[in-house]
Amino acid sequence: MFLVDYFKDVYGAMKSLLVGMNRTGYYFTHHKEIITEEYPDNRDTLVLPERFRGEVVMTHDENNEHACTGCSACELACPNGSIKIINKFDISPEGKKKKAIDTFVYHLELCTMCGLCVEACPTAAINMANTFEHSVFNRGLLTKRLNKPDSKLKAGVE
Amino acid sequence: MVEEIGKTAEGDLIINVGPQHPATHGVLHLVITLNGETIKKVEPHLGYIHRSIEKMCESLTYRQFIYSTSRMDYLSAHINNHACALTVEKGLGVEIPARAQVIRVLMDELTRIASHELWWGAMAMDLGAFTPFFHAFRERESINDIMEETCGARLTMNYMVPGGVMVDLHPNFQNRVKSFLKLYKQKIHEYDELVTGNIIFQNRMKGVGILSKEAAISYGVTGPAARGSGVSCDIRKLYPYEIYNTLDFEEVLETAGDSYARYLVRLREMNESIKIIEQLIDNIPEGDFQAKTKAVLKLPKGEFYQRVETARGELGVYIVSEGGTTPYRIKFRSPGFSNLSCLDHITRGGKIGDLIASMGTLDLVIPDIDR
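Residues numbered from 1 in each chain as written. Chains lettered and ligands numbered in written order. Predicted model: local features only at pLDDT ≥ 70, side-chain atom pairs only at ≥ 80, totals over all residues.

A short note on the overall build of chain A
As a reminder of what qualifies: Per the convention used, a helix needs a DSSP run of H or I reaching at least four residues, while a strand needs a run of E reaching at least two, with both numbered from the N terminus. Think of it this way: build a C-beta for each residue from its backbone, and any pair within 7 Å is a contact.
In terms of helices and strands, chain A carries three helices and seven strands. In terms of its C-alpha atoms, chain A occupies a principal-axis envelope of roughly 105 × 35 × 35 Å. The contacts of chain A with a sequence gap of at least 6 include a subset with a gap of at least 24, amounting to 74%.

Shown next, in the form of structure tokens:
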């Protein structure tokens, strides 16, 4: 009886190894089922989903106008302090003082891409772009100014 | 007393595994006392990846602190965020829309499958089989793609917010999940063919790292590791949250308590998660994805506790509020820490070759232990 069990064990062991090898051999001969992507060679064809959170950007239209009123809601919502808003006061033609944004400072090196600033923005001025290659040689380049030079607030946005 | 470097007074050898060791899946440092090949003692040294998340959370508001919990157990980030969101909602007394509840449960179960798949690949890699790792990643990638499309990130999603979920589901979501279910059912038999039935694998797992039912309870082990010892501890069944009490699924239990039992529990748990997703994917109710909450959240004075079942076990979130906008104290009861505490018990008296196999079946995530 001992011998029968012994040979049964050997048979079972050999069978289990062959079943596994069969699976490996299947993929060895079926190249079409291989799904790896060869990044960065496929950079031109790589499509990321539009919701992918890569970095914060401010949308500007063709007249170089944005929708940021400088309310600092994003600065308050940010858990890491990666946003700093510097405001200035514009003098309107009627001689009234009006608060406007001077510089929207964005520290990419502190950002964790949580998306809370975009959630908090009441005028949808900022959103998340799906760029993801952020490596630079100089750390200073990671501190960005999001509002373009000479850009203005869109008319009708309060 | 240590008389000679690397030796105890009895002449036993002391060796270090880690903190930089590929089989510890992170910066876990084990100090092992060896008598020949037999393990006499295993002493984990922690703190290499401590980021003081609990203390950091005290200076963040109730909306902000949730993102940092994705960095604890990064393989079940959704479930961590879910636990925090549930605790804050408990304090606020907000009613969550039905659609948000279903979305949350769907995401939790997808995360659980992704986590168990990564564990399966890494477990086989610990034992020297490299191919299963790639097989596991094939299915896991399709889950990550679903997450990326709907939540906007692959691992640290920050999708659950107090009151519901951050954005509505992507229009493609249902089709993507259905094609994932199809792929999973085509490929799941490979897992058994490649690893489960393999004689070398079975000989290394069966009867190794035995954790008795009593020991599992006394060490506070939860999750699949405890269910492999026959301890019924599934929070989804025992203390149902969200819509888990209306769903049809089984709590997977094995009684052997060895490494192989823990392995089988996780494999079968993936099938239970598939069952839950199949029940929900065609029945997502219409409606709001987020309840209306105030812009600045303030919890009333008091203490709030909520526990959920992550892929690794029971996660408890305890918030003490003084009535302000930030928590006074936050404590996370992480499953990894309690599961690690039984490592000495299950490996003592065994061979050093079995240490990695036993540790692999506990499914440790080191940032979850240190926080």
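There is more to say after this.
A few points about the overall build of chain B
Inclusion rule: Buried means a residue has 20 or more other C-beta atoms within 10 Å of its own C-beta, exposed means 12 or fewer, and partly exposed covers the counts in between; C-beta atoms are placed from the backbone.
For chain B, the helix and strand inventory stands at 15 helices and eight strands. Sorting the 371 residues of chain B into buried and exposed places 45% on the buried side.

Notes on the domain arrangement of chain A
The cut-off we apply is this: The domain limits used here are those given by an automatic or database domain assignment.
Looking at the assigned domains, one finds that chain A contains domain 1 (2–33) and domain 2 (55–153). Spacing between the C-alpha centres of domain 1 of chain A and domain 2 of chain A amounts to 60 Å.

Considerations on the interface of chain A and chain B
Here is the rule: Each residue is assigned to one class: nonpolar for Ala, Val, Leu, Ile, Met, Phe, Trp, Tyr, Cys and Pro, charged for Asp, Glu, Lys and Arg, and polar for all the others, Gly among them.
Tallying the contact residues gives 21 residues for chain A and 19 residues for chain B. The leading source of residues in the side of chain A that touches chain B is helix α1 (residues 2–29) of chain A, at eight residues. Its residues placed into classes, the side of chain A that touches chain B shows 11 nonpolar, six polar and four charged.

Overview of the pairing of strand β3 (residues 83–91) of chain A
All names here are of chain A. Operational definition: Pairing between strands requires that DSSP locate at least two bridges from one strand to the other.
Strand direction decides the pairing type here: β3 and strand β4 (residues 97–107), joined by nine bridges, are antiparallel. From the neighbouring strand, Asp90 faces β4, where its bridge partner is Lys98. Hairpin remark: β3 followed by β4, antiparallel, with five residues in the connecting loop; positive phi at Gly95, about 90°.

Re unusual backbone geometry
Here the bond from Tyr39 of chain A into Pro40 of chain A is cis, since omega is 5°, no more than 30 degrees from zero. Note on placement: Pro40 of chain A falls in the loop between α1 and β1 (55–58). Here Ser72 of chain A, not a glycine, exhibits a phi torsion of approximately 70°, which is positive. By secondary structure assignment, the location of Ser72 of chain A is in the loop between β2 (65–66) and α2 (73–77). You can call Ser72 of chain A partly exposed: it has 14 C-beta atoms within 10 Å. In this structure, Arg371 of chain B takes a positive phi of about 60° despite not being glycine. With respect to the helices and strands, Arg371 of chain B occurs in the segment after α15 (366–370).

Observations regarding the packing of helix α11 (residues 259–281) of chain B against helix α14 (residues 355–362) of chain B
All names here are of chain B. This is how the line gets drawn: Here, axes are lines fitted to C-alpha atoms. For helices the fit covers the stretch in contact, and angles between N-to-C directions go from 0 to 180 degrees. If an angle is under 35 degrees, it is roughly parallel; if it is over 145, roughly antiparallel; if it lies from 65 to 115, roughly perpendicular; otherwise it is oblique. In this scheme, a crossing is called left-handed if the near helix is turned counterclockwise away from the far one by less than a right angle; it is called right-handed if the turn is clockwise.
Where α11 meets α14, the axes come as close as 9 Å, and the angle between the chain directions of the two elements is 30°. As the angle between them shows, α11 and α14 are arranged roughly parallel. In terms of crossing hand, the pair formed by α11 and α14 is left-handed. Contacts between α11 and α14 involve Ser259, Arg262 and Tyr263 from the former and Ala357, Ser358 and Thr361 from the latter. The class makeup of the residues in the contact of α11 with α14 is two nonpolar, three polar and one charged.

Considerations on helix α3 (residues 77–92) of chain B
Residue and element names in this part refer to chain B. Quick note on the threshold: In a helix, the anticipated span is given by 1.5 Å times the number of residues less one.
Between its first and last C-alpha atoms α3 spans 23 Å; for 16 residues at 1.5 Å apiece the expected length is 22 Å, and the two agree. Of all 16 residues that make up α3, 14 are buried, and the element is covered over most of its length. Taken from the residues just after α3, Gly93 is the one with a positive phi, measuring 70°.

Digging into the nonpolar core
Basically, it comes down to this: Only buried Ala, Val, Leu, Ile, Met, Phe, Trp, Tyr and Cys residues enter a nonpolar core, and they are joined through C-beta atoms within 7 Å.
Cys117 of chain A together with Leu110 and Leu364 of chain B are the most contacted members of the largest nonpolar core, which totals 110 residues. With 14 residues, helix α4 (residues 98–126) of chain B is the largest single contributor of residues to this core. Non-local contacts of Leu110 of chain B, meaning those with residues more than four positions away in its chain, are made with Ile143, Ile146 and Ile277 of chain B.

Let's talk about the sheet that holds strand β3 (residues 38–45) of chain B
Backbone hydrogen bonds hold the strands of a sheet together, and the pairing may be parallel or antiparallel. All names here are of chain B. Strand order in this open sheet of three strands is β1-β2-β3, and the pairing throughout is antiparallel. Each edge of the sheet is formed by a strand with only one pairing partner; in this case those strands are β1 (13–17) and β3. Along the sheet, successive strands turn relative to each other by an average axial angle of 25°, direction set aside. Pairing of β1 with strand β2 (residues 29–35) involves five bridges; the strand directions are antiparallel. From the neighbouring strand, Asn16 faces β2, where its bridge partner is Val31.

So, the sheet that holds β3 of chain A
Residues and elements named next belong to chain A. Spatial ordering of the open sheet is given by β3-β4-β6, a layout of three strands whose pairing is antiparallel. In this open sheet, the two strands that pair with only one neighbour each are β3 and β6 (143–145). Strand-to-strand twist of the sheet, defined as the mean angle between neighbouring strand axes without regard to direction, takes the value 30°. Bridge analysis of β4 against β6 gives three bridges, and the strand direction is antiparallel.

A closer look at the pairing of β2 of chain B
Along a regular strand, successive side chains alternate from one face of the sheet to the other. Residues and elements named next belong to chain B. Both β2 and β3 contribute to a ladder of seven bridges, which runs antiparallel. Its bridge partner lying in β3, Leu34 is registered against Ile39. The loop that links β2 with its antiparallel partner β3 comprises two residues; one of these, Gly36, has a positive phi angle of about 65°.

Comments concerning the environment of Leu141 of chain A
As for its placement among the helices and strands, Leu141 of chain A is situated in the loop between β5 (126–129) and β6. C-alpha separation for the pair Leu141 of chain A and Glu109 of chain A, spaced 32 residues apart in sequence, amounts to 9.5 Å.

Considering the environment of His25 of chain B
Locating His25 of chain B in the fold gives a position in the loop between β1 and β2. Discounting residues that sit within four places of it in the chain, His25 of chain B has contacts with Ala122, Leu364 and Ile366 of chain B.

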